[in-house]
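Topology and contacts: notes
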Amino acid sequence: MAVAEAQLYAKVSNKPRGRSTSALLEPLLAKGFPAHIAQKALVATGQKTTEDAAKWLHSHCNDPSLDDPIPQEYALYLCPTGRLHSRLQDFWKESKRQCGKNRAHEVFPHVTLCDFFTCEDQKVELLYDILKRVGDSFSQRFPPSISLTLHASPSYLGFFIDDSQANVLKEFAVAFSSEASALADCHVKPSLKQFHLTLAHRFYPHHQKTLEQLAKCINPGEPCQWVAALYSRDMRFVHYQRLRALFQYKPQNIDELLINAGDLIYVDPTQQGEVSEGWVVGTSHRTGCRGFLPENYTERAHEADTWVKHREYVFETASRSFTKAVKEPSVKLNGEAHNPSTSRSVTNVLSLQKAALRRGVLVMRHGERVDQVFGKPWLQQCLTADGKYYRTDLNFPSSLPRRKDGVKQFECDPPLSCCGIFQSRLIGEALLDQEVTVSSVYSSPALRCVQTAQHVLQGLKLNQKVKIRVEPGLFEWTKWEASRAIPNFMTVAELVEASYDVDTSYRGNFPLSSLVPSESYEDYVSRSSAVIKQIITACPSKGVILIVGHGSSLASLTRALTGLPSRDSGDFAQMVRKIPSLGVCFCEELREENKWQMVNPPVKTLTHGANAAFNWRNTIMED
């Protein structure tokens, strides 16, 4: 057991147990569930219905922590509803699209009244009663409208609440915390600092101007009804990342995790170091079970996605009737409810920015390489006694290109697998479908990257029309080379002889001789920054510059291009291992602002499962 979890057990194991008289509890007890487990299920589902709790118990039948006495953590938030909430949600989406995710995106728009505190499962109903009682006592004093003033700094953007109104909210928070501490045996701390509603937090300073532009499009005087809402979270996973499953995955081995599309997974970043590439180990929010799962079956989720809403107190204000009276019709846009007047000003800002777009840079990781599938000794499986190559599996390439140094050099400079070739061509066809105009192509000297570029161009129907510029400066961080030496790459002449559409007149910005084995992280970042700037300078015309590199390229090139600081080397390594074959990033130029921004790539992601080797004799014929 981890030290942190042991400390949690110590805090709660000796507390006296209260008795609940919940009407929802009795039916669960009648079904034979132990009281503490039934109570845990009710709390985990927000004490809404017996059916929800029974469903949770069924899903968690194999949860190893089902008997654990660790309580939930609770927080009291003041949340906007109505048209103001809609405007804030639009800001959330646009700020994330234009500037990337920041800390504020983890949680919905809110004002913190009482930060997280623990409460025993048996006493949670007392919190509900306290919320209603305190809410009733303040209902006549609650401000008819709340005045919000925009405040900005290099790392924070949000609305501050007028002091006179904030004082009433603080009194409400103090009253709730006092009663909760006394009656429910909770240690509740009311928020007494400047009351605020955060719009963006911990963003990069150069995004401040864009975020402020979007924030100024929000009218803080929009009709709004405020609610005090009680939320809970699982305190064991506070510092974990959240992933959302995009597809169902059925375990192939006993240590793997069953996931359904939409499942939320808790992942501890500190436990991923020894996990195989392309996999993560996590705990299912739906079932409580733990195991390995393919990372490319998931996407990042928000912290609040795993929270449970328990009860809310609605403050009746004059704006409520007004909100109903002026409610505008909604239409469906891309499957989501959309208000026609929502974010018209935001849209105007976007249209002005899009008008300035000129060039794009598409950075792509190479396709699946053979050693990724068959391991480092793959070549030994494919050589006869006299050193000739032959194909032992259909995913091996049908042949290998000729190189003067002999086939042994492919061990450090492996080719694509047949699936990798298919992947690359599929991405090219998708780019063609989206009418992406690729004007220039650059590739790392690694054979797998040159092959990827070649087959992407074939999918685009641009082979022989656009030549591949082999740029040694695009090779990955040399510290990661297992041989601790720079591979002997195929020469341009050898690539041309093998029918690759390589630009023979191109001279790289970084000659091969400049690549140093086991270079420092700082040197690699500096090299990446220099090479992307030189590529941009060399391609002034409109169109998309396609760069085929390595997993590390997606971060090192795009962050340098958009002006983001480099990651810590440890974080960088963790991030790179999450990038799948043919992972892509896309940057667009805002020429009038003399900068580049990250946007959604023009093509969808490519996701597929593993396909293990099959031996019919051992599988079908064995007894």
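Heads up: the structure comes first, above all this text.
Below: a short report on this structure. Please read all numbers here as calculations on a predicted model, not as lab measurements.

Re the overall build of the chain
Helix and strand counts for the chain stand at 18 helices and 20 strands. Burial status across the chain gives 50% buried among its 623 residues. Entry remark: accessible area of the chain is about 30,500 Å², with carbon and sulfur atoms responsible for 52%.

Examining the sheet that holds strand β10 (residues 290-294)
Here 5 strands make up an open sheet; going across it, the order is β10-β9-β8-β7-β11 and the pairing antiparallel. A strand with exactly one partner marks an edge of an open sheet, and here the two such strands are β10 and β11 (298-300). Within this sheet the neighbouring strands show an average axis-to-axis angle of 45 degrees, counted without direction. As paired elements, strand β8 (residues 264-267) and strand β9 (residues 279-284) share 2 bridges and run antiparallel to each other. Residue pairing for β9: Y266 is matched across the bridge by T283.

Side note on the pairing of β10
Sheet analysis places β9 next to β10, joined by 5 bridges and oriented antiparallel. Paired with V280 across the two strands is L293, which belongs to β10. Where β9 folds back on β10, the antiparallel hairpin that results is connected by 5 residues, among which G288 adopts a positive phi of roughly 80 degrees.

Description of the pattern of salt bridges
Counted under the stated rule, the structure contains 28 salt bridges. K123 serves as the salt-bridge partner of D185, at 3.8 Å between the closest nitrogen and oxygen. Of this pair, D185 sits in the loop between α7 (163-183) and β5 (196-201) while K123 sits in the loop between β2 (111-119) and α6 (124-138), and the two are 62 residues apart along the sequence. Across the salt bridge formed by D305 and R244, the nearest N and O atoms sit 2.8 Å from each other. With D305 in the loop between β11 and β12 (308-314) and R244 in strand β7 (residues 241-245), the pair connects residues that are 61 residues apart, well separated along the chain.

Quick word on the packing of helix α12 (residues 418-433) against helix α13 (residues 447-459)
It is the contact of α12 with α13, at a shortest axis distance of 6 Å, that shows an interaxial angle of 40 degrees. Classified by the angle their axes make, α12 and α13 are oblique. When the axes of α12 and α13 are compared, the crossing they make is right-handed. Facing α12, whose interface residues are I421, S424, R425, G428, E429, L431 and L432, α13 presents T452, H455, V456, Q458 and G459. Counted by class, the contact of α12 with α13 contains 4 nonpolar, 6 polar and 2 charged residues.

Examining the environment of S86
Along the chain, S86 turns up in helix α5 (residues 83-99). For S86, a relative accessible area of 32% corresponds to the partly exposed category. S86 sits 138 residues away from C224 along the chain, and the two C-alpha atoms are 9.9 Å apart.

Looking at the environment of L495
Tracing the sequence through the fold places L495 in helix α14 (residues 492-497). What makes L495 buried here is its relative accessible area of 2%. Sequence-distant contacts of L495, defined by excluding residues within four places in its chain, comprise L447, V450, V470, M490, Y500 and V502.

A few points about the packing of helix α3 (residues 35-44) against helix α4 (residues 50-59)
In the contact formed by α3 and α4, the axes pass within 8 Å of each other and the chain directions differ by 110 degrees. As summarised for this structure, α3 and α4 are arranged roughly perpendicular, according to the angle between their axes. Where α3 crosses over α4, the handedness of that crossing is right-handed. Taking contact as the criterion, the partners of I37, K40, A41, L42 and A44 in α3 are, on α4, A53, W56 and L57.

Side note on the environment of I535
Inspection of the secondary structure puts I535 in helix α15 (residues 521-538). By relative accessible area, I535 is classed as buried at 0%. Between the alpha carbons of I535 and N509 there is a distance of 8.6 Å; along the sequence they are 26 residues apart. When near neighbours in sequence (up to four residues on either side) are disregarded, I535 contacts Y442, L474, I545 and I547.

Here we look at a nonpolar patch on the surface
A surface patch of nonpolar side chains, about 390 Å² in accessible area, is lined by F614, W616 and I620. Tracing the sequence through the fold places I620 in helix α18 (residues 616-621). With a relative accessible area of 57%, I620 lands in the exposed category.

As for α5
Because each turn of an α-helix spans 3.6 residues, side chains separated by three or four positions in sequence point in the same direction. Spanning 17 residues, α5 covers 24 Å between terminal C-alpha atoms, matching the ideal 24 Å at 1.5 Å per step. Those residues of α5 lying buried are R83, L84, R87, L88, D90, F91, W92, E94, S95, Q98 and C99. G100 occupies a position one or two residues after α5 and carries a positive phi of about 85 degrees.

Things to note about the sheet that holds β2
Spatial ordering of the open sheet is given by β2-β1-β6-β12, a layout of 4 strands whose pairing is antiparallel. The outermost strands of the open sheet, each flanked by one partner alone, are β2 and β12. Between one strand axis and the next, the sheet turns by 20 degrees as a mean value, whatever way the strands run. Across 10 bridges, strand β1 (residues 72-81) lies against strand β6 (residues 225-234) in antiparallel orientation.

Here's the deal with the state of the cysteines
Summed over the entire model, instances satisfying the criterion amount to 0 disulfides. C61 takes part in no disulfide bond, and the closest cysteine sulfur to it belongs to C289, at a distance of 7.3 Å.

Scoring rules and cut-offs
- Residues numbered from 1 in each chain as written.
- Predicted model: local features only at pLDDT ≥ 70, side-chain atom pairs only at ≥ 80, totals over all residues.
- Heavy atoms only, no water.
- Helix = DSSP H or I, 4+ residues; strand = E, 2+ residues; numbered from the N terminus.
- Buried < 20%, exposed > 50% of the residue type's maximum accessible area, 1.4 Å probe, protein only.
- Areas by Shrake-Rupley, 256 points an atom, 1.4 Å probe, with all protein chains shown as cover.
- Pairing = 2+ DSSP bridges.
- Axes fitted to C-alpha atoms, helices over the stretch in contact; angles between N-to-C directions.
- Salt bridge = Lys/Arg side-chain N within 4 Å of Asp/Glu carboxyl O.
- Parallel < 35°, antiparallel > 145°, perpendicular 65-115°, else oblique.
- Left-handed = near helix turned anticlockwise from the far one by under 90°.
- Contact = heavy atoms within 4.5 Å.
- Nonpolar A, V, L, I, M, F, W, Y, C, P; charged D, E, K, R; others polar.
- Patch = residues over 30% accessible without salt bridge, like charges linked within 9 Å, V, L, I, M, F, W, Y side chains within 5 Å.
- Expected span 1.5 Å × (residues − 1).
- Disulfide = S-S within 2.5 Å.

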